[in-house]
Amino acid sequence: MNDTICFRNIGQLVQVDATSQPPRLKISDGRALIVKNGRVEKVLKGSGLKSSNYSKVIDLKGKTVIPGLVDCHTHLIYAGERKSEMECRLSGSSYLDILQSGGGILNTVNATREADEKSLLKTAKARMRRMVALGTTAFEIKSGYGLDLDTEKKILSVGSRLKKELSVPVTLTYLGAHAVPDGSTRSEYFDFIMEHLPQFRDLADGVDIFCEEDVFSVKDLKRLFLHAKLVGFTQLRAHVEELSYQGGCAEAARLGAVSCDHLEYANPRDIRAMKHGDTVAVLMPGVTFFLGGEKIPLVHSMLDAGVTLALATDCNPGSSPTYNMQTVLNLACHLYRITPEQALVAATYGSAKALEGHKEYGSLQPGQRADFLTLKTKDYRDLFYYFGENFVDQTFIQGNPVRIPKNPAIE
Ligand code: NIG
Ligand code: FE
């Protein structure tokens with residue numbers, strides 16, 4: 001029993017019961033969590049446990065335990081920042097105006113092209129460590145700040161090094177279709193993406209596209225997805241119906257997208273398409289908050305229709321500069337008027353499903369990775385009640401406490 005750890009004396013143990021429809025939280029008191037070889041083996045009642053059965057017994061002293069949070073949509077590998085653009089937006093410019101005038105995503109593209117792989121790795125690793133300390137235990141990371149072959153590959157190479165160096169699940173997504181680079185027309189650049197797509201097959205798990213007015217069209221989305229399927233990508237994702245209605249959501253769901261992301265302008269027809277395609281709706285309230293958007297997705301219609309919801313930071317320097325999934329949970333509850341239970345299920349099981357990882361992590365059920373958080377509170381609902389707090393006491397990855405340097409850089 002050398003590799004079996006008993007976490008005893010848990011106050012509130014929160015797991016996800018994904019077998020119920022819709023998936024629900026399962027909350028129990030006074031349990032012990034048994035972790036073998038980094039996975040949950042079982043949950044035992046009471047604290048009368050025979051310590052000789054375990055290699056280690058850890059007394060959690062009545063703390064709350066919840067599954068690690070899953071951040072299924074991030075752009076966390078980039079250089080630079082965009083505080084001046086924030087000031088422009090706060091003085092009346094729109095996000096898309098800034099992009100059309102050569103700033104926005106293109107601003108970050110210039111900085112990221114100039115940065116070498118070593119410095120990108122250093123800043124991205126510091127960001128991820130901060131995110132883990134704040135409770136994230138599985139990640140999706142997109143490219144999309146290169147828009148040329150070398151830089152897109154450099155970003156994905158940093159992503160695969162992060163995957164190797166930090167022992168957390170990381171899903172990589174090729175987002176060449178994020179914006180049209182300076183010096184190309186949309187159709188020239190899109191043809192370039194299509195031509196070179198096979199080169200990215202071994203570098204990323206999936207593809208994504210920003211389908212938006214004056215960026216990429218629904219027709220582009222369709223072409224990209226059909227080609228990506230032929231090339232062998234199985235995870236298709238799309239930024240759709242974020243700043244206007246384009247119709248990309250229904251098309252993406254029809255073509256088998258694993259997730260449709262943003263969805264502020266999605267309508268009941270899109271919701272039916274997501275339900276029909278078993279496509280996860282990834283919602284990012286941090287973007288609504290930071291861009292001052294007034295449009296709230298039809299979250300209750302999605303729940304009523306039985307669409308799986310997921311939550312993510314969208315961590316990026318332009319529309320959501322946050323590393324904190326706890327903030328996202330809190331915003332989701334209060335901007336969308338959903339319950340703590342609905343939000344927490346979305347940020348664990350739902351986000352894991354968006355990454356096709358829900359068998360492996362996200363619910364803290366026997367057989368899954370023992371990725372969990374102890375909280376500095378006796379009631380998980382404090383995450384949703386108090387805002388601006390950090391309730392994570394300790395992050396555990398595969399049953400091991402993660403030691404985070406005291407002040408990882410905020411960059
Ligand atoms: O998800 N919408 C497009 N892409 C990102 C923003 C990226 C940026 O502004 O740098 C998003 O919001
Ligand atoms: Fe995004």
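Every value quoted in this text rests on a predicted model; they were computed, and no experiment measured them.

Considerations on the domain arrangement of the protein
Here is step 1: Along its sequence, the protein is organised into domain 1 (4–67 + 364–401) and domain 2 (69–354).
Here is step 2: Taken together, the 20 residues of domain 1 in the interface contact 20 residues of domain 2.
Here is step 3: The set of elements that each furnish at least two residues to the side of domain 1 that touches domain 2 consists of strand S2 (24–36), helix H14 (382–385) and strand S15 (392–397).
Here is step 4: Ranked by the residues each element gives to the side of domain 1 that touches domain 2, the list is headed by S15, at three residues.
Here is step 5: The residue inventory of the side of domain 1 that touches domain 2, partitioned by class, reads 14 nonpolar, three polar and three charged.

Section: the packing of helix H4 (residues 117–133) against helix H5 (residues 149–165)
Here is step 1: Two elements in contact, H4 and H5, have axes whose closest approach is 10 Å; the angle formed by their N-to-C orientations is 50 degrees. Here H4 is positioned oblique relative to H5, judged by the angle of their axes. As for the relative orientation of H4 and H5, their crossing is right-handed in sense. Contacts between H4 and H5 involve Glu-117, Leu-120, Leu-121, Ala-124, Lys-125 and Met-128 on the former and, on the latter, Lys-154, Ser-157, Val-158, Arg-161, Leu-162 and Glu-165.
Here is step 2: Within the contact of H4 with H5, the residues separate by chemical class into six nonpolar, one polar and five charged.

Section: the pairing of strand S1 (residues 4–17)
On any regular strand, side chains alternate: one points to one face of the sheet, the next to the other face.
Here is step 1: In terms of burial, S1 is largely enclosed, as 10 of its 14 residues are buried.
Here is step 2: What sits between the antiparallel neighbours S1 and S2 is a turn of six residues.
Here is step 3: The sheet contact formed by S1 and strand S4 (residues 56–59) spans four bridges and is parallel. Paired with Cys-6 across the two strands is Val-57, which belongs to S4.

A closer look at the sheet that holds strand S8 (residues 170–177)
Here is step 1: Spatial strand order, S6-S7-S8-S9-S10-S11-S12-S13: eight strands in an open sheet with parallel pairing. The open sheet terminates on both sides in strands that have one partner only, identified here as strand S6 (69–71) and strand S13 (309–311). Each adjacent strand pair in this sheet contributes to an overall mean axis angle of 25 degrees, direction not counted.
Here is step 2: Pairing analysis gives two bridges linking strand S9 (residues 206–209) to strand S10 (residues 235–240), with the strands arranged parallel. Looking at S10, one finds that Val-207 is bridged to Leu-236.
Here is step 3: Sitting on the sheet, helix H13 (residues 340–354) touches S6, strand S7 (136–142), strand S11 (259–262), strand S12 (280–283) and S13, and the angle it makes with S13 is about 95 degrees.

Quick look at helix H3 (residues 105–114)
Here is step 1: Buried within H3 we find Ile-105, Asn-107, Thr-108, Val-109 and Thr-112.
Here is step 2: In this fold, the buried residues of H3 make contact with helix H2 (95–100) and H5.

Here is what the cut-offs are and how they apply
- Residues numbered from 1 in each chain as written.
- Chains lettered and ligands numbered in written order.
- Predicted model: local features only at pLDDT ≥ 70, side-chain atom pairs only at ≥ 80, totals over all residues.
- Domains from an automatic or database assignment.
- Contact = placed C-beta atoms within 7 Å.
- Helix = DSSP H or I, 4+ residues; strand = E, 2+ residues; numbered from the N terminus.
- Nonpolar A, V, L, I, M, F, W, Y, C, P; charged D, E, K, R; others polar.
- Axes fitted to C-alpha atoms, helices over the stretch in contact; angles between N-to-C directions.
- Parallel < 35°, antiparallel > 145°, perpendicular 65-115°, else oblique.
- Left-handed = near helix turned anticlockwise from the far one by under 90°.
- Buried ≥ 20, exposed ≤ 12 C-beta atoms within 10 Å, placed from the backbone.
- Pairing = 2+ DSSP bridges.

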